[in-house]
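# Coordinate inspection notes
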Amino acid sequence: MHRDLTRLLTTIQDCEMICEDMTSYVMRRPNFQTRIRQLELLRDCADICALTAKYIARDSYFARDIAELCADICMACSRECAKFPDQPSQHCSRVCYNCAQECERFAMARDARFYS
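Residues numbered from 1 in each chain as written. Predicted model: local features only at pLDDT ≥ 70, side-chain atom pairs only at ≥ 80, totals over all residues. Heavy atoms only, no water.

One non-glycine residue, D59, adopts positive backbone phi at about 55 degrees. On the accessibility criterion, D59 (67% relative accessible area) is exposed. (Buried < 20%, exposed > 50% of the residue type's maximum accessible area, 1.4 Å probe, protein only.)

This is the structure:
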């Protein structure tokens, strides 16, 4: 597998893991009812990351389309997490933002030599 694809898959899988961990973290907080939108986006982000990694790994015809959706969901999750001042939310925001950027880059490289 191309080194850039390996790095992309690692980025996506790391984002999935962080979002899953953050879901547990938020659920254990006493004010989790005020963070329902964050919880929803964390779950969406983790799920789309898992799916995206599978599509990319098997070189699916739809991998770039799924990556574009992944970028959108990761960016939404990043923005929501950024609203909360706690360190885990801020870290998750950065991880999701990075994943969104990498997925967008992959999705837009349809005709480029990068990621081919």
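This paragraph deals with the nonpolar core. One finds C15, C19 and C45 to be the most contacted residues of the largest nonpolar core, which totals 38 residues. Looking at this core, the elements with two or more residues in it are α1 (3–27), α2 (36–57), α3 (63–82) and α4 (87–108). In contact with C15, other than residues within four places in its own chain, are C45, C49, C74, V95, C96 and C99. (Core = buried A, V, L, I, M, F, W, Y, C linked by side-chain atoms within 4.5 Å. Helix = DSSP H or I, 4+ residues; strand = E, 2+ residues; numbered from the N terminus. Contact = heavy atoms within 4.5 Å.)

Quick look at the pattern of salt bridges now. Counting across every chain of the model gives six salt bridges. As a salt-bridge pair, E102 and R7 come within 3.1 Å of each other at their nearest N and O atoms. One end of the pair, E102, is in helix α4; the other, R7, is in helix α1, with 95 residues separating them in the sequence. E102 gets classed as buried once you look at its relative accessible area, which sits at 12%. When its relative accessible area of 38% is taken as the criterion, R7 is described as partly exposed. Here E80 ties to K83 by a salt bridge, and the two come within 3.0 Å at their closest N and O atoms. (Salt bridge = Lys/Arg side-chain N within 4 Å of Asp/Glu carboxyl O.)

Let us look at α4. Each α-helix turn comprises 3.6 residues. Residues three or four places apart therefore point the same way. With 22 residues, α4 should reach 32 Å at 1.5 Å per residue; the first-to-last C-alpha distance of 32 Å fits that figure. Turning to α4, its buried residues number three or more, namely S89, C92, S93, V95, C96, C99, A100, E102, C103, F106 and A107. In this structure, the buried side of α4 is in contact with α1, α2 and α3. (Expected span 1.5 Å × (residues − 1).)

At a minimum axis distance of 8 Å, the contact between α1 and α2 shows a crossing angle of 155 degrees. Considered as vectors, α1 and α2 are oriented roughly antiparallel to each other. Crossing of α1 over α2 shows left-handed handedness. Looking at the contact of α1 with α2 residue by residue, the classes come out as 18 nonpolar, four polar and four charged. (Axes fitted to C-alpha atoms, helices over the stretch in contact; angles between N-to-C directions. Parallel < 35°, antiparallel > 145°, perpendicular 65-115°, else oblique. Left-handed = near helix turned anticlockwise from the far one by under 90°. Nonpolar A, V, L, I, M, F, W, Y, C, P; charged D, E, K, R; others polar.)

Okay, the packing of aromatic side chains next. The full count for this structure, using the stated rule, is one aromatic pair. The ring of F106 carries the charged tip of R64 above its face, separated from the ring centre by 4.2 Å. (Phe/Tyr/Trp six-rings, centres within 6.5 Å; stacked < 30°, edge-to-face > 60°. Lys NZ or Arg CZ within 6 Å of the ring centre and 35° of its normal.)

In a packed pair of helices, the relevant descriptors are the angle between the two axes and the axis-to-axis distance. Running from N to C, α2 and α3 point in directions that differ by 155 degrees, and their axes come no closer than 9 Å. The angle between the axes of α2 and α3 places the two elements in the roughly antiparallel class. Our pair here, α2 against α3, has a crossing hand that is left-handed. Contacts between α2 and α3 involve R37, Q38, L41, L42, D44, C45, I48, C49, L51, T52, Y55 and I56 from the former and A63, I66, A67, L69, C70, I73, C74, A76, C77, E80 and C81 from the latter.

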